[in-house]
Structures are given as C-alpha cells and as structure tokens.
Amino acid sequence: MKQFRIAVVSTLTLTVLTGLVYPLAFTQLAQILFPKEANGSLIYNKEGKPVGSRLIGQPFDDPKYFWSRLSATSPMPYNAANSSGSNLGPTNPALMKAIQDRIDALHKVDPDNKEPIPVDLVTASGSGLDPHISPAAALYQLKRVAKVRGISESVVRGLVEKHTQGRFLGLLGEPTVNVLELNLDLEGVL
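Residues numbered from 1 in each chain as written. Predicted model: local features only at pLDDT ≥ 70, side-chain atom pairs only at ≥ 80, totals over all residues. Heavy atoms only, no water.

Draft legend 1. Main features of the sheet that holds strand β5 (residues 176-178). Reading across from one edge, β3-β5-β4 is the order of the 3 strands in this open sheet, with antiparallel pairing throughout. The open sheet is flanked by β3 (132-133) and β4 (164-165), the only strands paired with a single partner. Across 2 bridges, β3 lies against β5 in antiparallel orientation. Residue pairing in the sheet places His132 in a bridge with Asn178 of β5. In this fold helix α6 (residues 179-186) packs onto β3, β4 and β5, with an angle of close to 55° to the strand it touches most, β5. (Pairing = 2+ DSSP bridges. Helix = DSSP H or I, 4+ residues; strand = E, 2+ residues; numbered from the N terminus. Contact = heavy atoms within 4.5 Å. Axes fitted to C-alpha atoms, helices over the stretch in contact; angles between N-to-C directions.)

Draft legend 2. Representation of the pattern of salt bridges in the model. One pass over the structure, following the stated rule, counts 6 salt bridges. Between Lys97 and Asp101 there is a salt bridge whose closest N-O contact spans 2.9 Å. Here Asp101 and Lys97 lie together in helix α3 (residues 93-109), a separation of 4 residues that amounts to about one turn. Looking at Lys97, the relative accessible area reads 52%, which means it is exposed. Taking the shortest distance from any N to any O, the salt bridge between Lys162 and Asp185 comes out at 2.8 Å. With Lys162 in helix α5 (residues 153-162) and Asp185 in helix α6, the pair connects residues that are 23 residues apart, well separated along the chain. (Salt bridge = Lys/Arg side-chain N within 4 Å of Asp/Glu carboxyl O. Buried < 20%, exposed > 50% of the residue type's maximum accessible area, 1.4 Å probe, protein only.)

Draft legend 3. Spotlight on the packing of aromatic side chains. All chains considered together, the criterion is met by 2 aromatic pairs. Taken together, a centroid distance of 4.7 Å and an interplanar angle of 45° make the contact between Tyr22 and Phe26 tilted. Taken together, the residues span about one helical turn, with Tyr22 and Phe26 both in helix α1 (residues 2-33) at a distance of 4 residues. An angle of 45° between the planes, with centres 5.4 Å apart, marks the rings of Phe60 and Tyr65 as tilted. Judged by relative accessible area, which is 18%, Phe60 ranks as buried. For Tyr65, a relative accessible area of 17% puts it in the buried group. (Phe/Tyr/Trp six-rings, centres within 6.5 Å; stacked < 30°, edge-to-face > 60°.)

Keep in mind these numbers describe shape, not what the thing actually does.
Structural data, given as structure tokens:
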C-alpha cells in the first residue's frame, strides 16, 4: 500500500508540474517577452481585425495579387491544422503535373511574360504553409500585378522592396517577401 501511495503522489505531482505549472509559466513568459509571436504573429487591418498570420501562407489566384507558393496540405491548401509537404519525389508524375499546371496558370494570366519562372512559384514548401516567396518570384509577377491594377511598376516595385526581408542577422537564409503583407499593402489594408 505504501508503494501505491508513493506512485499516486508522484504521478499527481508530476502531472501538476509538467501539465500545468510548466506550460503556464512558459506561456506567461512568452506573453511577456514575445507577445506578437506568442499570439500567432497576427496581422491586423486598419480597423484592428485580424486578417491573417505572418507565419501561415494564404492562397491567391486572382491576377491582381501576388501569388504564394503552392501548398500540399489537405484537404485544402494552407490548412494550418494539417501542415505537410507533398512527399512526391522529383520523378513522380503527380509532381510533374502539379508543376506543369502551375506553369500553365502563370502563363495564362501573364502570356507576355517570357522570363524564367522562379522555382518557388511552381513547388510547395516542406510545410505547405510557407508565407514567403523569393524576391525573384515577386519580381516575376510585378508587371502582371501592376498592369491588372493599373498602377505603375515603380509603385509596385517599391512595395515589393518594402516587404522584402533580408537574411537573418545578415548571414542566414535567403531574402524573402511575405506575400500576405504585400497583398494587403496593395489593397491599402495595412
């Protein structure tokens, strides 16, 4: 009976410490040190309503918007509850078809653009939720967006530059453009 009591007390103690105290302490610490990040890195419009997250991509297929990377999540694109890559190998016919479909879609909305299509516009990221594209992918789409919106390319280029984030600490990673923030700025929402 003594062993049983020790086991029950130990289990309850560890449950309270690891299931309540530890998560609550670190949640509070995160709220103090990193409040934006701890709350999902949400983006708010001028009225203060959340319109998305800086960390989760959203689908755009209207020609007046910059398009995001493809998403391989299911049952719908950019499903944050089901983050995943496609797991399709480079010789898989399904991957080749998805890439060709995206190339065709890009050519359909911008038939005069003969520039090489950046790879991040025709492939999905490992998570399927990537909110960023490369500056090259944004520049590839720049003329289409400017033309459809009836604004100058220099204005759109300025917005792309404004939303281009450099390498982390100037060394790590590649420069990126947050597609949601860029599109919201185009709409005058930010």
